Amino acid sequence: MSAPALRFKDDTGRDFAAWEHRLLGDVATFTKGKGLSKADIDENGETPCIRYGELYTVYGATIFDVKSKTKVNVANLVLSKANDVIIPASGETQIDIATASCVQLPGVALGGDLNIIRSKLDGVFLSYYLNSQKKLDIAKLAQGNSVVHLYSSQLKQLELKVPSSTEQTKIASFLTAVDEKLAQLTRKHDMLTQYKKGVMQQIFSQELRFKDNDVQEFPEWKECTIGEIATQKSKKLNPENAQDNLRCVELEHISQNTGQLLGYVDARKQKSLKSQFSKGDVLFGKLRPYLRKYLKAPFDGVCSTEIWVLRGSSVTNDFLFHYVQAERFLTVANISSGSKMPRADWNVVASEETEIPCKAEQTKIANFLTAIDEKITATKTQLEAVKHYKQGLLQQLFV
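Enquirer: Looking at this model, I keep getting lost on the overall build of the chain. Mind explaining?
Expert: Helix and strand counts for the chain stand at twelve helices and 25 strands. Against the 2.2 N^0.38 benchmark of 21 Å for 399 residues, the chain shows a C-alpha radius of gyration of 28 Å, more extended than a compact globule. With the C-alpha coordinates of the chain rotated into their principal frame, the extents come out at 75 × 55 × 50 Å. Within the chain, residue pairs in contact and separated by at least 24 positions form 75% of the contacts whose partners lie at least 6 positions apart.

If you want it as structure tokens, here you go:
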């Protein structure tokens, strides 16, 4: 029979035995969870519990720490055994329902609409296997349209190719270590993001002030309006007059809340008039401003007219890029007109009173926040690299 592209060796360096063909029903027994509505969740409860919706939003392939608790009498609950694999019994789509997790703890209450798979297979191995190589096969077993159902009678017919118990454990341990690395990077990214948010609030409320190179206080911030610190450029370009290779940035090309460019298109392929911008200008999405789409332009180009092209007048563009991320600016930008397609009004924003530091302090603030952004970006890059690495492993470790 076929073997996975990537195999482990035993502790003596020898090959493990060939993988064997099995039906899931031959190596597992099945039961279902019971009860547990949203109203049954109680942070003061004594029994840890898992509801089926949490498989989509809270947990991954393994569950070592249970987030929810309940006060429901245990006599009315179905409790887990360590190594149980749970998978939804109903869901919105066939592909989403193929979401498995291995519960590593005994005594966890498992809610209704959960299929519980108990077997002598390594539960962590089985969970990764079902979530990767067997995901499409499980999706094909599910039935229904508006609500999709997955029954134990269907899961019993799922064909597996199973290695020895020792090799199962090696695969499970290896993938768990990769997921732990992903979790570490995710926590680091979240912490940096929250740190930046907190620091920005302190900086722009002036709770946190910088000092000059002689460790002296900078002057007090100057009162002005937003319209005095930045101008909103509106020079338009007809796509017919666009030069070769002129890049056009649309709203969907600006990431939400991160200031990252996701792509661009050839300006000549667009039909509507576009706003011109220069490298270093600050682009801010005025359509649905609550989406928080902002970008410091990395090149000369054009953009959708739903994007403001902002240029600092009494502030540097570097400082302006961080200023438009501050809650004070975002709050006034969200005073928008229109119901179905709300847009920020520059006249309203420009008339808003604000305060700005001197140019030297602007530079220190911009450099400090840019350094945090670079750390966030580097962590995000690492995170995506490990995710890609894991996907490659899953394709090679299972058949």
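Enquirer: Explanation requested: the nonpolar core in the structure shown.
Expert: In summary, soluble globular proteins display a tendency toward joint burial of nonpolar side chains. Counting 40 residues, the largest nonpolar core has Leu24, Ile117, Leu126, Leu130, Leu160, Leu175 and Phe398 as its most contacted members. Looking at this core, the elements with two or more residues in it are strand 2 (28-32), strand 6 (84-88), helix 4 (123-131), strand 12 (159-162), helix 7 (165-204) and helix 12 (359-397). Apart from the residues lying within four places of it in its own chain, the contact partners of phenylalanine 398 are Pro4, Trp19, Phe125, Tyr128, Tyr129, Ser132, Gln133, Ile171 and Leu175.

Enquirer: Explanation requested: the sheet that holds strand 4 (residues 62-63) in the structure shown.
Expert: Each strand in a sheet pairs with its neighbour through backbone hydrogen bonds, running either in the same direction (parallel) or in the opposite one (antiparallel). Reading across from one edge, 2-10-6-8-4 is the order of the five strands in this open sheet, with mixed pairing throughout. Two strands in the sheet have a free side with no partner beyond their single neighbour: strand 2 and strand 4. By the bridge criterion, three bridges tie strand 6 to strand 8 (residues 101-103) in an arrangement that is antiparallel. Bridge pairing links aspartate 84 to valine 103 in strand 8.

Enquirer: Help me out: how do you make sense of the sheet that holds strand 18 (residues 274-277) in this one?
Expert: Sheet architecture is open: five strands sit in the order 15-18-21-16-17, paired in mixed fashion. Every interior strand has two partners, whereas the edge strands, strand 15 (236-237) and strand 17 (265-266), have only one. As defined by bridge partners, strand 15 adjoins strand 18 across two bridges and the pair is classed as antiparallel. When the sheet's bridge partners are listed, lysine 236 is paired in strand 18 with serine 275.

Enquirer: For this particular structure, what's the right way to read the side chain of glutamine 325?
Expert: Among the secondary structure elements, glutamine 325 is positioned in the loop between helix 9 (317-323) and helix 10 (327-333). Given a relative accessible area of 9%, glutamine 325 falls into the buried group. Engagement of the side chain of glutamine 325 in a polar contact is seen with the side chain of lysine 196, the distance being 2.8 Å. Beyond its immediate chain neighbours, meaning those up to four positions away, glutamine 325 contacts Lys196, Met200, Tyr294 and Leu330.

Enquirer: Teacher, can you tell me more about the pattern of salt bridges here?
Expert: Two side chains with opposite charge may pair up if their charged atoms get near one another. Across all of its chains, the model carries 20 salt bridges by this definition. Lysine 134 is the salt-bridge partner of aspartate 137, the closest N and O atoms lying 2.8 Å from each other. The salt bridge partner of arginine 311 is aspartate 281, with a shortest N-O separation of 2.7 Å. Taken as a pair, arginine 311 in strand 22 (residues 307-312) and aspartate 281 in the loop between strand 18 and strand 19 (282-285) lie far apart in primary sequence, 30 residues in all. Salt bridges here are not isolated pairs; linked through shared partners, they connect Lys380, Glu384 and Lys387.

Enquirer: Just to check I follow, could you spell out unusual backbone geometry for this structure?
Expert: With the exception of glycine, the majority of residues adopt a negative phi angle, and the majority of peptide bonds are in the trans configuration. One non-glycine residue with positive phi stands out, namely leucine 36, at about 65 degrees. If you trace the backbone, leucine 36 turns up in the loop between strand 2 and strand 3 (47-50). A relative accessible area of 8% means that leucine 36 is categorised as buried. Of note, asparagine 257 is a non-glycine position whose phi angle comes to about 70 degrees, a positive value.

Enquirer: How should the environment of tyrosine 389 be read in this particular structure?
Expert: Residue placement: tyrosine 389 occurs in helix 12. Sequence separation between tyrosine 389 and asparagine 83 is 306 residues; the distance between their C-alpha atoms is 26 Å. Contacts of tyrosine 389, omitting those with residues within four sequence positions, involve Phe174 and Val178.

Enquirer: Honestly, the layout of surface pockets in this entry has me stumped. Any pointers?
Expert: Computed from the structure, the largest pocket encloses a volume of approximately 940 Å³. Forming the boundary of the largest pocket are 35 residues, of which Lys196, Asn257, Thr258, Gln325 and Asp373 lie nearest the centre. Among the secondary structure elements, those contributing two or more residues to the lining of the largest pocket are helix 7, strand 20 (294-296), helix 9, helix 10 and helix 12. Top element by residues in the lining of the largest pocket is helix 7. It accounts for eight residues. Here the residues of the lining of the largest pocket are counted per class, giving eleven nonpolar, 15 polar and nine charged. Of the volumes computed, that of the second largest pocket is approximately 730 Å³.

Enquirer: So what exactly am I meant to see when it comes to the pairing of strand 22 here?
Expert: Walk down a regular strand and you will see the side chains alternate between the two sheet faces. When strand 14 (residues 230-233) meets strand 22, the two strands line up antiparallel, connected through four bridges. Paired with lysine 233 across the two strands is valine 309, which belongs to strand 22. Here four bridges tie strand 19 to strand 22, and the two strands are oriented antiparallel to one another. The residue bridging leucine 283 from the neighbouring strand is valine 309, located in strand 22.

Enquirer: I keep staring at the packing of aromatic side chains and nothing clicks. Help me out?
Expert: Between two aromatic rings, the relevant description is the distance of the centres plus the angle of the planes. Evaluation of the coordinates by the stated rule reveals 17 aromatic pairs. Both rings, one in phenylalanine 284 and one in tryptophan 308, keep their centres 5.9 Å apart while their planes meet at 25 degrees; by these two values the pair is stacked. Here phenylalanine 284, found in strand 19, pairs with tryptophan 308, found in strand 22; they are 24 residues apart in sequence, far enough to count as distant. Each of the two residues, phenylalanine 284 as well as tryptophan 308, counts as buried. Summarising the aromatic geometry, the rings of tryptophan 308 and tryptophan 346 are spaced 5.2 Å apart at their centres and angled 75 degrees between planes, so their arrangement reads as edge-to-face. Of this pair, tryptophan 308 sits in strand 22 while tryptophan 346 sits in helix 11 (residues 346-350), and the two are 38 residues apart along the sequence. Its relative accessible area of 2% is what places tryptophan 308 among the buried residues. What links up through ring pairs into an aromatic cluster is the set Phe204, Phe284, Trp308, Phe319, Tyr323, Phe329 and Trp346.

Here is what the cut-offs are and how they apply
- Residues numbered from 1 in each chain as written.
- Predicted model: local features only at pLDDT ≥ 70, side-chain atom pairs only at ≥ 80, totals over all residues.
- Heavy atoms only, no water.
- Helix = DSSP H or I, 4+ residues; strand = E, 2+ residues; numbered from the N terminus.
- Rg over C-alpha atoms; globule rule 2.2 N^0.38 Å.
- Contact = heavy atoms within 4.5 Å.
- Core = buried A, V, L, I, M, F, W, Y, C linked by side-chain atoms within 4.5 Å.
- Buried < 20%, exposed > 50% of the residue type's maximum accessible area, 1.4 Å probe, protein only.
- Pairing = 2+ DSSP bridges.
- Polar contact = N/O pair within 3.5 Å; in protein donor to acceptor, adjacent residues only side chain to side chain.
- Salt bridge = Lys/Arg side-chain N within 4 Å of Asp/Glu carboxyl O.
- 1 Å grid on protein atoms, 1.4 Å probe; cavity = no way out; pocket = protein on both sides within 12 Å on 5 of 7 lines; lining within 4 Å.
- Points joined across faces, edges and corners; volume = space filled by probe spheres on them.
- Nonpolar A, V, L, I, M, F, W, Y, C, P; charged D, E, K, R; others polar.
- Phe/Tyr/Trp six-rings, centres within 6.5 Å; stacked < 30°, edge-to-face > 60°.

Purely geometric stuff here, so don't read any function into it on its own.
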